[in-house]
Amino acid sequence: MSLLTSSADEPADKSIVILQSLICLLRERNILSRADIEELCEKVQARAAQHELDPIPCRDREATEAATIISSLSDYIGRRYGGKHRRY
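Computed from a predicted model, the values in this text were never measured in an experiment. (Residues numbered from 1 in each chain as written. Predicted model: local features only at pLDDT ≥ 70, side-chain atom pairs only at ≥ 80, totals over all residues. Heavy atoms only, no water.)

**Student:** Help me get a handle on the overall build of the chain, residues and values and all.
**Tutor:** On a plain count of helices and strands, the chain comes out with three helices and zero strands. Listed by position from the N terminus, the elements making up the chain come as α-α-α. Within the chain, the proportion of its 88 residues that are buried is 22%. Here the analysis covers contacts within the chain between residues at least 6 apart in sequence; of these, 61% occur between residues at least 24 apart. Just so you have it, the chain exposes about 6,400 Å², and 55% of that area is on carbon and sulfur atoms. (Helix = DSSP H or I, 4+ residues; strand = E, 2+ residues; numbered from the N terminus. Buried < 20%, exposed > 50% of the residue type's maximum accessible area, 1.4 Å probe, protein only. Contact = heavy atoms within 4.5 Å. Areas by Shrake-Rupley, 256 points an atom, 1.4 Å probe, with all protein chains shown as cover.)

**Student:** Run through helix H2 (residues 34-49), naming residues and quoting values.
**Tutor:** In this model, H2 (16 residues) spans 22 Å end to end at C-alpha, consistent with the 22 Å of a helix rising 1.5 Å per residue. Among all positions of H2, only Arg34, Ile37, Glu38, Cys41 and Ala48 are buried. Burial along H2 is one-sided: seen end-on, the buried residues are contained in an arc of 100°. (Expected span 1.5 Å × (residues − 1). Arc of directions from axis to C-beta.)

**Student:** I'd like a rundown of unusual backbone geometry, residues and numbers included.
**Tutor:** Phi at Asn30 takes a positive value of approximately 60°, unusual for a residue other than glycine. Structurally, Asn30 is set in the loop between helix H1 (11-28) and H2.

This is how it looks when you write it as structure tokens:
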């Protein structure tokens, strides 16, 4: 399944399309910065890497897929809207 195209056969696919569109809209309106999206990406990746320690239960496969999706979305938004990266 491609990042920005979805068959929307499953309810989760519909949710992903809505959330991706919302994140893009918030970035477009400068409500979210590129740094915010990078931080979100890191948090999702951390949950995927340590899903068994996460206080909010999630399944391994779904957490890994979510990390892949948010990473791709972060790359897309970075190319599309630009902005400054996080300061380390």
